Amino acid sequence: GTTRRRLDMHLPEYHLAVEYHGLIWHSTALSSDPLKDFKKHREAEANGIRVLHIYQDEWEFRNDIVKRTLLSAIGKLPRMFARNTEVMLVDPKIASAFYKQNHLQGSLSAACSIGLYKDEEMVACMSFSMAKSIRGNSDKGLWELQRYASKLTVVGGASRLLHAFLQLGQCHTLISYSDTRLFTGQMYEALG
């Protein structure tokens, strides 16, 4: 006789949703509750749904970056290993141009930028400055990780870049922030 086998389906840890925010309809001017989207995001998260929030101007003016962000969220970006790259200090103008092409927040002026290169092409960059997000900071050892971006998934890339920065001995304390409308913050947890 034949035997029936039950197939157990492996479900992901979360489901992914994308919310498109038109600039007019999702403005706080038209909402009675300015925290409505934040509350909705937290409720979805509590129900195992990761929501990525994309704004109209990002889709229209930074479409390539948005598409890479979405591909990254579903694990479909090309991958390479950081151990196959070379670590180099990056000129501020080159780092700024890289972020303009690869980070939704665009370019910035940072005190220190470090990149990962493969065949003389930068594939990832991380930038640091003395902490500016803390008003009145005068502690020269308190630094902020301001940007990290990559052209593809660089496995171990963020860790390798952070380690290279810490080896410079510039800071005793490092802070950073994660944009939770697009990212989970797991990279920072993995970095410790």
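Parameters and conventions
Residues numbered from 1 in each chain as written. Predicted model: local features only at pLDDT ≥ 70, side-chain atom pairs only at ≥ 80, totals over all residues. Heavy atoms only, no water. Helix = DSSP H or I, 4+ residues; strand = E, 2+ residues; numbered from the N terminus. Buried < 20%, exposed > 50% of the residue type's maximum accessible area, 1.4 Å probe, protein only. Contact = heavy atoms within 4.5 Å. Pairing = 2+ DSSP bridges. Axes fitted to C-alpha atoms, helices over the stretch in contact; angles between N-to-C directions. Arc of directions from axis to C-beta. Phe/Tyr/Trp six-rings, centres within 6.5 Å; stacked < 30°, edge-to-face > 60°. Lys NZ or Arg CZ within 6 Å of the ring centre and 35° of its normal. Core = buried A, V, L, I, M, F, W, Y, C linked by side-chain atoms within 4.5 Å. Salt bridge = Lys/Arg side-chain N within 4 Å of Asp/Glu carboxyl O. Polar contact = N/O pair within 3.5 Å; in protein donor to acceptor, adjacent residues only side chain to side chain.

**A word on the environment of E121**
- Mapping E121 onto the fold places it in strand 6 (residues 121-130).
- Judged by its relative accessible area of 40%, E121 falls in the partly exposed class.
- Sequence separation between E121 and T85 is 36 residues, and the spatial gap between their C-alpha atoms is 9.7 Å.
- Apart from residues no more than four positions distant in its own chain, E121 is found in contact with L116 and K151.

**Overview of the sheet that holds strand 6**
- Taken together, the five strands give an open sheet; going across it, the order is 4-5-6-7-9, and neighbouring strands pair in mixed fashion. The strands lining the two open edges of the sheet, one partner per strand, are strand 4 (86-89) and strand 9 (173-175). Sheet twist, expressed as the average angle between the axes of neighbouring strands with direction ignored, equals 30 degrees.
- Alignment of strand 5 (residues 112-118) against strand 6, held across seven bridges, turns out to be antiparallel. Pairing of I114 across the sheet is with M126, part of strand 6.

**What to know about helix 5 (residues 157-167)**
- Considered for burial, the residues of helix 5 that qualify are G157, A158, L161, L162, A164 and F165. Within helix 5, the buried residues cover an arc of 160 degrees as seen down the axis, which keeps them to one side.
- Positive backbone phi, at 70 degrees, marks G169, one or two positions downstream of helix 5.

**Some remarks on the packing of aromatic side chains**
- According to the stated counting rule, one finds three aromatic pairs in the structure shown.
- Note on W143 and F165: the rings are 5.4 Å apart at their centroids and 50 degrees apart in plane angle, and the pair reads as tilted. With W143 in strand 7 (residues 142-150) and F165 in helix 5, this residue pair connects regions lying 22 residues apart in the sequence. There is no split in this pair, since W143 and F165 are both buried.
- Members of the aromatic cluster, joined through ring pairs, are F128, W143 and F165.
- When the ring centre of F81 is taken as origin, the NZ or CZ atom of R83, which lies over that ring, is 4.4 Å away.

**A short note on the nonpolar core**
- Core analysis: the biggest nonpolar cluster contains 19 residues, and I114, L116, M126, F128, Y148, V154 and L161 have the highest contact counts within it.
- For this core, the elements supplying multiple residues, two or more each, are strand 5, strand 6, strand 7 and helix 5.
- The biggest single contributor to this core is helix 5, with five residues.
- The contact partners of L116, leaving out residues within four places of it in the chain, are A82, T85, E86, V87, E121, M122, V123, A124, V154, G157, R160 and L161.

**Things to note about the pattern of salt bridges**
- A full pass over the atoms with the stated rule returns five salt bridges.
- Ionic pairing is found between K40 and D37, a salt bridge with its closest N-O pair at 3.8 Å. Taken together, the positions of K40 and D37, both in helix 1 (residues 36-46) and three residues apart, correspond to about one turn of that helix.
- Through salt bridges that share partners, E19, D37 and K40 make up one connected network.

**A closer look at the side chain of H103**
- The topology assignment puts H103 in the loop between helix 4 (92-102) and strand 5.
- Residue classification places H103 among the buried positions, given a relative accessible area of 16%.
- In this structure the side chain of H103 is engaged in a polar contact, spanning 3.1 Å, whose partner is the backbone nitrogen of Q105.
- With residues near it in sequence (within four places) discarded, H103 still touches R62, I65, R147, Y148 and A149.

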